[in-house]
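# Residue-level structure breakdown
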Amino acid sequence: RSLVVVHFWAPWGPQCAQMNEVMAALAKEHVQVTFVKLEAEAVPEVSEKYGISSVPTFLFFKNSQKVDRLDGAHAPELTKKVQRHVSSSPVSAGSNDSAKEDLNVRLKKLINAAPCMLFMKGSPKEPRCGFSKQMVEILNKHGISFSSFDIFSDEEVRQGLKTYSNWPTYPQLYVAGELIGGLDIVKELEASGELDTVCPKAQKLEDRLKVLINKAPVMLFMKGSKQTAKCGFSKQIIEIMNNTGVDYETFDILEDEEVRQGLKTYSNWPTYPQLYVKGELVGGLDIVKELKESGELLPVLKGEN
């Protein structure tokens with residue numbers, strides 16, 4: 001009844017050796033879990049039965065039933081999945097309905113996680129099948145803003161979404177929570193010129209920066225947040241700002257590389273932090289220090305100067 005984790009591996013794969021070490025560490029931590037190594041090429045009929053097309057791949061079994069899968073050398077994801085399955089209590093027949101309901105709630109959240117959601121094999125940067133690659137290329141060519149979910153990362157979602165949407169293959173594209181379809185449908189929409197009207201366009205970086213700069217009367221672009229500054233300059237400017245008593249909002253440029261690089265060009269200011277008042281650049285830490293010393297900082301922050 002306990003969890004069994006099977007690692008389909010190959011002796012020639014360096015990533016497999018790394019993941020074997022991860023498995024050994026997990027085996028010490030979770031003694032109730034059975035970890036098995038299976039050389040994929042030595043058991044071709046088993047590999048074929050479970051659709052093992054690359055190594056490393058991990059299959060999770062409970063009560064002789066496959067309950068989950070992980071493709072690739074993702075140590076944090078393997079750890080997370082093992083912990084999740086260990087902590088989840090065995091599902092009795094009576095709780096099957098509630099488990100199905102929970103999955104449907106989760107699928108609905110994922111489908112609505114962004115205005116345009118693509119469920120695909122792999123990621124936009126590294127698609128792991130030809131159909132997913134073509135889909136990403138079409139969306140990018142049309143400047144469509146989309147988020148994606150790698151169905152290889154979650155077997156429950158991979159199988160459940162087929163039933164939920166009544167669509168048996170991947171990729172699957174959703175707009176505003178509604179299924180548009182797979183690659184063939186998207187190709188038809190592209191050919192008819194309807195794709196641009198169906199899918200939301202990506203916001204131009206310049207427009208996005210304008211919106212961010214004007215998000216609050218006083219905006220500080222920094223490394224980290226008000227609570228946790230992640231560089232000395234950001235820490236100093238936060239201390240100065242907090243002493244003024246003026247309300248301000250922050251944006252962590254470490255969280256968004258596009259904004260981090262784009263804002264330098266947009267404002268013609270090469271470093272961070274950067275302070276803006278009513279959409280206008282005030283400057284960095286040195287300028288703020290000068291304004292503080294001259295007594296001008298408060299009037300500037302209040303938009304009086």
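These numbers come from a predicted model, not from an experiment. (Residues numbered from 1 in each chain as written. Predicted model: local features only at pLDDT ≥ 70, side-chain atom pairs only at ≥ 80, totals over all residues. Heavy atoms only, no water.)

### Thoughts on the domain arrangement of the protein chain
Here the domain parsing of the protein chain yields domain 1 (3–87), domain 2 (103–198) and domain 3 (207–302). On the side of domain 2, 7 residues touch domain 1, which itself brings 10 residues to the contact. Both faces considered, domain 1 and domain 2 share a buried interface measuring about 600 Å² in area, 35% of it formed by carbon and sulfur atoms. Among the residues domain 1 hides against domain 2, the three largest losses belong to R69, D71 and R84. Together they make up 52% of the total. Taken together, domain 1 and domain 2 are joined by 1 salt bridge. Of the charged contacts in the structure, one is a salt bridge between K66 and E155, with a shortest N-O distance of 3.6 Å. Between the two partners, domain 1 and domain 2, sit 2 residue pairs in polar contact (both at pLDDT 80 or more). (Domains from an automatic or database assignment. Contact = heavy atoms within 4.5 Å. Buried area = accessible area lost by both parts, 1.4 Å probe. Salt bridge = Lys/Arg side-chain N within 4 Å of Asp/Glu carboxyl O. Polar contact = N/O pair within 3.5 Å; in protein donor to acceptor, adjacent residues only side chain to side chain.)

### Side note on the pattern of salt bridges
Counted under the stated rule, the structure contains 16 salt bridges. Put simply, E156 and R106 hold a salt bridge, and the shortest N to O gap is 3.2 Å. Of this pair, E156 sits in helix α6 (residues 155–165) while R106 sits in helix α4 (residues 96–111), and the two are 50 residues apart along the sequence. Since its relative accessible area comes to 37%, E156 is described here as partly exposed. Judged by its relative accessible area of 30%, R106 is partly exposed. For R260, the salt bridge identified is with E257, shortest N-O distance 3.8 Å. Taken together, the residues R260 and E257, both in helix α11 (residues 257–267) and 3 residues apart, mark about one turn of the helix. Salt bridges sharing common partners tie together K66, E155 and R158. (Helix = DSSP H or I, 4+ residues; strand = E, 2+ residues; numbered from the N terminus. Buried < 20%, exposed > 50% of the residue type's maximum accessible area, 1.4 Å probe, protein only.)

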